[in-house]
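# Structural overview for review
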Amino acid sequence: HLDGNLCRCTGYRPIWDAARSLISCHHHDNTNDATTNTDEEEEKKHGDDVEEIHGPCGIKCEECPERDSCVMDCNLEDQQQKKKKNMIMGASSDNNNGEGGCCGGTCSSSSTDKIQQYQQIIESKHSDKWWDQPNDMFPKELLLLLQGGDNAETKKNAHHEELLSKPLKVVDTSIHNGGTWYMPNTLEELLDLFRDYSSGGSNSSGSGGGIKMVVGNTEVGIETKFKHASYPTMVHPSKDIHTLHDVFSTEEYYHVGGCAALGDLQEFCHDEMKKPMDGVEEKDGSRHRRHRRRQERTAKPIHDMLRWFASTQIRNVACLGGNLVTASPISDMNPMLCSLGATLVLASRPQSDGGIVRRKVNVSDFFIGYRTVQKEDMEVIERVDIPLLQDRFEYCIPFKQARRREDDISIVTSGMRIKLRPAVTATNEEDGGGGGGSHHWEIEDVAIAFGGMAPKTVMARKTMDALIGQPFESTSFEDARKVLQDEFQMPDDVPGGQAKYRLTLACSFLHRFYLNCVEELTKDVAAAANETEGASYPQVPSIDEEEGCGVGGFVGEKKPSITGLQTYPVPKVAKGLEVEHLGMEDENSDLPLAAAAAAAAAAKSSSNEPTKQKNNSVGQPATHASGPLHCTGEAIYIDDIPAPANLLHGSLILASKCHATLASINVEPALSIPGVAGVFTSEDIEKMGGDNKMGPILLDDYTFLPVGEKVDFVGQVLGVVVGASQEIAAKGARAVAVEYSDDVEGKAIVSIEDAINAESFWTDFCHEMKCGGNVDDILTQSEVDGKRLVVIEGSMRSGGQEHFYLEPNSTLAVPSESATNLTIYSSTQAPTKTQDFCARVTNTPAAKVVVRMKRMGGGFGGKETRSVFVATAAAVPAKLMNRPVRVTLDRDTDMAITGGRHAFLAKYKAGAIVEEDGTIKLHALNVHLYNNGGCKFDLSGPVMDRALFHVDNCYFWPNFHSVGTPCKTSQPPHTAFRGFGGPQGLLVAEHIMDHFAAECNVSGDKLRRDNMYALQDATPFGMRFGDGFTGMWNIPGMWDRLEKELDIPGRRMRAAEFNKKNKWVKRGVAFIPTKFGIAFTAKYMNQGGALVHLYTDGTVLVTHGGTEMGQGLHTKVCQVAAQAFDIPLGHVYVNDSSTDKVANTIPSAASMSTDLYGMATLDACQQILKRIQPIKDTLPPDATLKEVAKKAFFERIDLSAHGFFALDNDRCGYDWNKNRPEGFPADLPDNAWKGHPFNYFTQGVAMAEVEIDALTGDYKTISADVLVDVGSSINPSIDIGQIEGAFIQGMGWATIEEVVYGDDDHTWIRPRARMHTTGPGTYKIPAFNDVPESFNVSLLENANNPFAVHSSKAVGEPPFFLGCSVFFAIKDAITAARGREGGYFEFRLPATSERIRMACGDVIASECISSDRDQTSFQPQGSF
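Residues numbered from 1 in each chain as written. Predicted model: local features only at pLDDT ≥ 70, side-chain atom pairs only at ≥ 80, totals over all residues. Heavy atoms only, no water.

## Overview of helix 27 (residues 726–735)
Short version of the rule: Throughout, exposure labels follow a simple rule: accessible area from a 1.4 Å probe, protein chains only, divided by the maximum for the residue type, with under 20% read as buried, over 50% as exposed, and the rest as partly exposed. Helix and strand definitions here come from DSSP, where helices need a minimum of 4 consecutive H or I residues and strands a minimum of 2 consecutive E residues; each element is numbered from the N-terminal end. For this analysis, residues touch if any pair of their heavy atoms sits within 4.5 Å.
Among the residues of helix 27, those classed as buried are Ile728, Ala729, Ala730, Gly732 and Ala733. Among the structural elements, strand 19 (648–654), helix 25 (668–671), strand 21 (676–680) and strand 25 (717–723) are those in contact with the buried residues of helix 27.

## Considerations on the sheet that holds strand 39 (residues 1100–1104)
Stated precisely, the cut-off is as follows: We treat two strands as partners when DSSP finds at least two bridges between them. For helices, the fitted axis covers only the stretch in contact; all axes are lines through C-alpha atoms, and the angles between them, taken along N-to-C directions, range from 0 to 180 degrees.
One open sheet holds the four strands; their spatial order is 40-39-38-42, and the pairing between them is mixed. Pairing within the sheet leaves two strands with one partner each, and these edge strands are strand 40 (1132–1134) and strand 42 (1200–1206). The mean inter-strand angle of the sheet, taken between neighbouring strand axes irrespective of direction, is 25 degrees. Here strand 38 (residues 1087–1094) runs beside strand 42; their pairing, made up of seven bridges, is antiparallel. Counterpart to Ala1090 in the pairing with strand 42 is Gly1203. The strands touched by helix 39 (residues 1153–1177) within the sheet are strand 38, strand 39 and strand 42, with strand 42 carrying the most contacts at an inclination of about 140 degrees.

## What to know about the sheet that holds strand 13 (residues 380–387)
Reading across the sheet, the five strands line up as 7-8-13-9-10 and stay open at both edges, with antiparallel pairing between neighbours. Each edge of the open sheet is held by one strand with a lone partner, namely strand 7 (247–249) and strand 10 (357–362). Neighbour-to-neighbour, the strand axes of this sheet turn through a mean angle of 20 degrees, independent of strand direction. Inspection of the sheet shows strand 7 paired to strand 8 (residues 253–257) by three bridges, in the antiparallel sense. Residue Ser249 lies in a different strand from strand 8, and its bridge partner there is Tyr254. Sheet contacts for helix 14 (residues 285–307): strand 7, strand 8 and strand 13; angle to strand 8, the most-contacted strand, approximately 40 degrees.

## With respect to the pairing of strand 27 (residues 767–771)
Only one face of strand 27 is covered, namely the face carrying His767, Met769 and Cys771; the face carrying Glu768 and Lys770 is uncovered. Sheet topology note: the strand 27/strand 36 (residues 959–967) ladder contains five bridges and is antiparallel. Looking across to strand 36, one finds that Lys770 is bridged to His961.

## Section: the packing of helix 14 against helix 17 (residues 333–340)
Heads up, the condition is: Convention used here: angles under 35 degrees read as roughly parallel, angles over 145 as roughly antiparallel, angles from 65 to 115 as roughly perpendicular, and any remaining angle as oblique. Amino acids are sorted into nonpolar (Ala, Val, Leu, Ile, Met, Phe, Trp, Tyr, Cys and Pro), charged (Asp, Glu, Lys and Arg) and polar (every other residue, Gly among them).
Interaxial distance between helix 14 and helix 17 falls to 10 Å at its minimum, and their mutual angle equals 170 degrees. Here helix 14 is positioned roughly antiparallel relative to helix 17, judged by the angle of their axes. Counted together, Pro301, Ile302, Met305 and Leu306 of helix 14 and Met333, Met336 and Leu340 of helix 17 form the full contact between these two elements. Class assignment for the residues of the contact of helix 14 with helix 17 results in seven nonpolar, no polar and no charged.

## Observations regarding the nonpolar core
One broad rule of soluble globular proteins: the nonpolar side chains tend to lie buried together. Test applied: We define a nonpolar core as any set of buried Ala, Val, Leu, Ile, Met, Phe, Trp, Tyr and Cys residues linked to one another through side-chain atoms lying within 4.5 Å.
In this structure, Leu324, Val384, Ile418, Phe450, Phe472 and Ile1370 are the most contacted members of the largest nonpolar core, which totals 148 residues. In terms of residues, this core owes the most to one element, helix 21 (residues 499–531), which gives 16 residues. Ranked by size, the runner-up nonpolar core spans 115 residues in total, among them Val914, Ile992, Trp1033 and Met1247.

Remember that the coordinates give geometry; whether it matters functionally is a separate question.
As structure tokens, then:
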């Protein structure tokens, strides 16, 4: 599996397809052409994507004689799978090359197609030498040892084996002072080291903890990197110490070496589960089978828990002993071992000439406090002994719930074991019982251990006592649940938070444990009765049919695969804005001028003259230009640039408090560290005459905060330390002594509510939008024209989001010409803005500062403005020291200080009319939006503006009033993020629709469809829908199409039937539309330039003002240029984005880059084509561009051109403060006089179906189908990739990505206002296991767009909100759990497992919420 690998750009599906192509089980030897495969061959070829489903009758659903009439869930699911498989087969049946096929105006490509294609490429293009690369790079001496053998070369290198068998000692004498490393080869050597270097040992420094054992470096690595721990002595035991590394089984135990890798233990348990029962003499057969059952049922819970323990990479190196000694209170394995009754064997050697002393400790007694254990410093965990469970009537079940299934630490984890026995309950003879009794199952023993419920792994001893000796029945467990609630009560401010959720999880685990044990006991009784004639066992307790779904949970489930179908129109070269803007129309051709001219010339020539074949690049699904480099890891990013001579590394000095005054900065402690070259603060900027102020709109920020100024947020940059290495610089930054005064941390404004209470707003940027009548008056009415007016009122909150680009912010500043010039290599979306502020801060003319940007490892808006301070922090020391300086932020630093998506709060009141036929029509909306802008303005105003522009989504409100207020808080400055406020506004619109659906008890789908904009309707901001205004309005048609194709009503009906039968597992379906406005709302930003060079060999170099961040901009621009010049795509190249080639650029943002730079590039191409046309006319029709260019050069014709494009004035810009002019036409919409904020809308609809676990809050996305109008796509493969990536990123924002700060809801985080979620350990983006199991994407056909180059549309941001379909599907499932009669509830975003579980409204959650709280309105804590 691919757990442990994260991707922020793709939707994982393409990576999954590529990875599966390397697996032999997916390889099919197919010598026939795809178009001639028989049905049987196709069935075999696609069989891996479809799992056979059996019904409760035991018959395959596909072979059932009642196939057509059966309405069982299993049969319906099987029919859906077969239908999807047939779609995939249909897509590939017209395919001759494994890449998908085109039929009926559309092209399709499935996961199966790609797997087959990738395998063919791998087999055909790679030689044996390519496959041998790993071995070629591996040290030959070690490789020989691994290979063994008796050949001469192996014998010749025998001395290497002898050297490797000796103990090893490595001493770091560099300035990094990494300590001393030992690798002992015997247990005695290891124990001697622990004796000598432990507290009080002969080599101890006396401070204790002087030696650390390192096996996988999974804990020590964290301690040294993030906690800055320093260990003078470290030891790594050799694999030759077999007692530490072996895993084996005996008659009564599993024995696991303390240093055995978790992956080895997992593999061992897997093998134990798969061992055959036969292979022994008949006389021993019964005993053997019992022993095998004991092994299997002991191995299974360990194996299942380890499957979800961390990631494959960590399990491959981390050891069980390290996990125990670390004593994490949320460890997954420690509760498991406690419940199994495992014991530890601790070894020590007190005397150098003495023997090894061993003692045993129960794992349940090993943990004595927070991260403290019952182990002496000189002791080592030699072995863990795990007793085997009984072959029958003893069960152990693992439980785990985390924020994300894969590679995540648990919120609560548990191991529960129970031992049952038949018993008789005696009756009183005096009562006429006759001394008999009831035959029942009794709990002989139980062990329940938890992680995440206390500062250490704990046994639920009171709960255990309440169960032991009790009948095995539901009432016993219900009584025990009450005991458990009393035993683990936690205050709301408990470290880690989520007190009520954690208690609810523990109680839910206990309930699930009972259900699991009933199922297992039923199996055991049936098996025992078959093996032993005449055996009589008590009746197993029964559980209600609807309770049966509570058995299991994801821990024991198979990890799902991902399949997908991608469909797009047949590629074509469409006419777009270039027809009007560049005059490129040709009535005889849909092709640009050059190709059309070539075709015309060919037509004029005689039939025997050669003709030139057209090179159509636009519309083709071309590979991303950097794709091969991305896949091989050879793509160069800023931190990969080879180090220039005399390079220094920089580390930022960060404020540790906020809401205090910076009193002083003492740099001397840092300068005293060997390797530190300098420390720079605001004083140094002043000395060289630089301007310390910065900001994209308001100059309200600093490169380095001056002494005497107020610290606005935790992590504000105070200066930079430069040194010989990154580690030295970071050490120096930590050594700088910073003092604060006027510390009033407790008054820090953190949340939106805090800001509202303190009236902390950017009031100059509060905007208001009105249309129609007086909304306040309308919403006081109960009727409109005799029809009932339904009025609702409520609020909605959405949390922030971290960009989590895979490449953190990084800058390399290189001075030249005696530091009078600077070249800045920066990972930025805004080269010109970076150039501007680097020039200002260093007092250097902008003409002498060049910013170069090859590619970013993701940006998503986070590098539009918040990358600039990293560049200025590098430029200052580079200028002053005349040495290159590289500053690359650590992941945790980047997340803590760069800001993210704005959290939003919406307060609304809305009214809808109930028509005579029951139709609900929206009538009036009054909504006030607040966003959390952080401590600096940055882009918070424009973000709020876009939210206001999208709070209508696709729905018509005749009367509308909205207000947007940016809030100023003590969080880091929040900034642009994919969607730029649009998704937050769209979310509010959909929430209000759900509120109306619940209030009016109508279908949400019908409500949405009945209120969609129609042609000639106008938005609240004055844009009218129609061809001449916004282009084609496709949403209603797309909605109807997808509703029919996906059978949305049928899906909802099937989900409802499923929900009736299942109490603890619920399904939900959501179907939502989106429209996203395309243009910068600031008019001046809608411009772009490009520089095109035609070389005499016929190749073309393009440089433009946009930046490549993985979105495929360069590839699309190359396609536009290749189409213009009628040359192969490979003949066009974009090197980098550079301010000395294209100046005064606009940040790559707002999804506008292809629109701007595609047109600018085309403009430059047309200038060159116009110049060389006379030369072309003198050459044969089949003359190549190389021949034309060469002749043009000798004719002294300029083969370079600068292109420029600016969006028309009447199609961009919006003046919020402009009043209605006198004489403004009455037939134009309200607010139309203020401008036309968008050029057009990119549109889309999405359906998602999910399944939630109402006991834990876990969820999975069963399927997602997306249909998007991207116009006539320039590159459908890139556009589909953008849609998939945006969908998953949007789904992440809406579900598992929760940003947490120290605020009133999280008082355990200190200091107040500090960001807690500053790394992958605490902040979770979607992983492979979170992707929809079926993920299908289609591009709308016949969707021309006359307002952009080649009739294309922007695609980067618009699909983001469609990922929220998963959020609304989860909400739909929760509604089913609560009961439809429960009505409206505010379900806040993100839909974390906590929010899902606590919203379900069941008896367990109600018990765990304090009696003084209303369970139906309970809201988990959150940072908004």
